[in-house]
Amino acid sequence: MSTEAWRPRMHFTPARHWINDPNGLVVLDGRYHAYFQHNPSGSIWGEIGWGHAVSDDLAHWQELPLALPATAEEMAFSGSIVVDHDNLSGLAGPDQAGPVLLAYYTRFDRQSLVQSQCLAFSRDGGQSFERWSGNPLLDIGSTEFRDPYVFHHAASNRWVMLVVLALECKVEVYVSEDLLRWEKASTFGPAGASVDTIWEVPVLVEVPVHGKPDQSRWVLFVSINGGTRWGGSGVQYYVGDFDGERFVLDDSDPTDTVRWVDHGRDFYAPLNFAGAPGEHPLWLGWMSNWSYARDVPTAPWRGQFSIAREISLVNRGGRLTLAQAPQVRATLPAPVLTCAGQTAKQVAEQVAGMDLRGRHWRVRVKAAHADLRQPLLMNFFTGAGDPVRVGYDTVSDSYVVDRRSAQPHFAGDSEIHAVPRDRGLDSVEFEVWVDGCTVELFADGGTAVISDLTLGHQDGQGIALWHGASNPPLAIFELTPLG
Ligand code: FRU
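Just so it is clear, the model here is predicted, and its values are computed rather than measured.

Asks: When you look at the packing of aromatic side chains in this model, what are you seeing that I'm missing?
Replies: The geometry of two aromatic rings is summed up by the distance between their centres and the angle between their planes. Tallied over the entire structure, the rule returns 29 aromatic pairs. Pairing F151 with W218 gives two aromatic rings, centres 5.8 Å apart and planes at 35°, and the pair type is tilted. Remark: W218 occurs in strand β14 (residues 216-225) and F151 occurs in strand β9 (residues 145-153); sequence separation between them is 67 residues. Residue class for F151 comes out buried when judged on its relative accessible area of 10%.

The structure is reproduced here in structure tokens:
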């Protein structure tokens, strides 16, 4: 059965079949290129190679032919791309117009099951890739050694590659001068790892500190497959310093409390765009969860990206905390409703009176915390059973996504996902992006994020603001259709 009503408009989905992690995100001549783990012939994981899509505005994506297909001998697992502007690798063609692109990926050998780090290069601006004849770059005979993340470290003028030893919960750091020969420099982990988990898809980026123009820290992200607080997969982060060889945690960032990037269930294996304009790293992730990804009942596609987000660090109570701000570089349609200073009841009546239909919205809400006596929630997909509820809950003083109506999907994971409000702030402020089967909530200036798949009933097309018996003034209410 086709479930096109669930298809997002501003989140990439493949026309057909399975995707998981984003790979090799890179900006070339102002275009965003995204590669991804893709099974071109089936709706479950398998036959994995790199698919390819492009976007000029992070809102509209065009799928292109497979960039790096699986072969009879190997599948191509996750990895990253760098642009070899100076042809250090010597792999640029003699008459090549632009720079050669280097895609670092994990070769999964179908016979031995060994995972090794390999290189493929593109001489046509990222449309097609050829496997390098000198592969593998790194082979330690392990079946759990993967996800090369390569970047240029300006201060040491060297190239750095992170790879996980998945079962050992370790990130191995390698360095190179020529992008081909790699030497081991250090190991990080298993700091703060929970038992019964594995580490995947390491990412290390220098992230600016909000409001401090000259300050930044290095942040290491690791995708945790199993053993998260809620059981499935999720992303953990560490704040520290990196000298080109070794990542060292800040004293203020002890590992006794695990720091989660997202408090929903569906944000995994995020990767930043190489060569993104601006000073903030820009990233996106796979919106699903390994504990139920293969059962998500969308068809004919299975898997979607998150919205892209700029990341920064914000000082919260003396601790640098990750903040994410959703980014599309397209002009959204005009809001259908913009209110300032009206009460919740007045706003709710206007929303009801407009009899709005659709499953693709951005909503912004702001109120003074002291004015809220009852939850303030957006109800999406109303009119066909229980809605999905997203917003602020006074009882737990948390932001919430309540997707219980999506039972029986998500393998028993259908529940209320919450993140505590920052009690140092006076206001309750959140922004929700609802797009087909996805919902993303960004609150408290982006330090509280919940990304979830939410399969409200396909016939549910309505939207409502719920404020209970209370009637607080709303400083901001804005409702904008997405596309
Ligand atoms: C993460 C992951 C990676 C691996 C890829 C395989 O979701 O398991 O570790 O490279 O997916 O598709």
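Asks: Would you explain the pairing of β14 in this entry?
Replies: Regular strands place side chains that alternate from one sheet face to the opposite one. Here β14 lies mainly inside the structure; seven of its 10 residues are buried. Taken together, the eight bridges between β14 and strand β15 (residues 233-242) define a ladder with antiparallel strand orientation. Residue V222 lies in a different strand from β15, and its bridge partner there is Q236.

Asks: Just to check I follow, could you spell out the pattern of salt bridges for this structure?
Replies: For side chains bearing opposite charge, pairing can occur when the charged atoms are close. Tallied over the full model, the rule gives 28 salt bridges. Two residues, R146 and E144, come together in a salt bridge whose shortest N-O distance is 2.7 Å. The exposure class assigned to R146 is buried, which follows from its relative accessible area of 8%. E144 sits in the partly exposed class, given a relative accessible area of 23%.

Asks: Explain the site of the ligand here, please?
Replies: Lining the immediate surroundings of the ligand are N20, D21, Q37, W45, F77, S78, R146, D147, E200, V201, Y268 and W290. Taking Q37, its side chain carries an N or O atom lying 2.6 Å from an oxygen atom of the ligand. Burial of the ligand by the surrounding chains reaches 95%, relative to a free accessible area of 320 Å². Along the lines of polarity and charge, the residues of the shell around the ligand split into five nonpolar, three polar and four charged.

Asks: I'm lost on the sheet that holds strand β12 (residues 183-188) in this one. Help?
Replies: Spatial strand order, β9-β10-β11-β12: four strands in an open sheet with antiparallel pairing. The sheet is open, and its two borders are formed by β9 and β12, each paired with just one other strand. Adjacent strand axes in the sheet meet at a mean angle of 25° when their direction is disregarded. Both strand β11 (residues 170-176) and β12 contribute to a ladder of five bridges, which runs antiparallel. Bridge pairing links Y174 to K184 in β12.

What counts and what doesn't
Residues numbered from 1 in each chain as written. Predicted model: local features only at pLDDT ≥ 70, side-chain atom pairs only at ≥ 80, totals over all residues. Heavy atoms only, no water. Phe/Tyr/Trp six-rings, centres within 6.5 Å; stacked < 30°, edge-to-face > 60°. Helix = DSSP H or I, 4+ residues; strand = E, 2+ residues; numbered from the N terminus. Buried < 20%, exposed > 50% of the residue type's maximum accessible area, 1.4 Å probe, protein only. Pairing = 2+ DSSP bridges. Salt bridge = Lys/Arg side-chain N within 4 Å of Asp/Glu carboxyl O. Near = heavy atom within 4 Å. Polar contact = N/O pair within 3.5 Å; in protein donor to acceptor, adjacent residues only side chain to side chain. Areas by Shrake-Rupley, 256 points an atom, 1.4 Å probe, with all protein chains shown as cover. Nonpolar A, V, L, I, M, F, W, Y, C, P; charged D, E, K, R; others polar. Axes fitted to C-alpha atoms, helices over the stretch in contact; angles between N-to-C directions.

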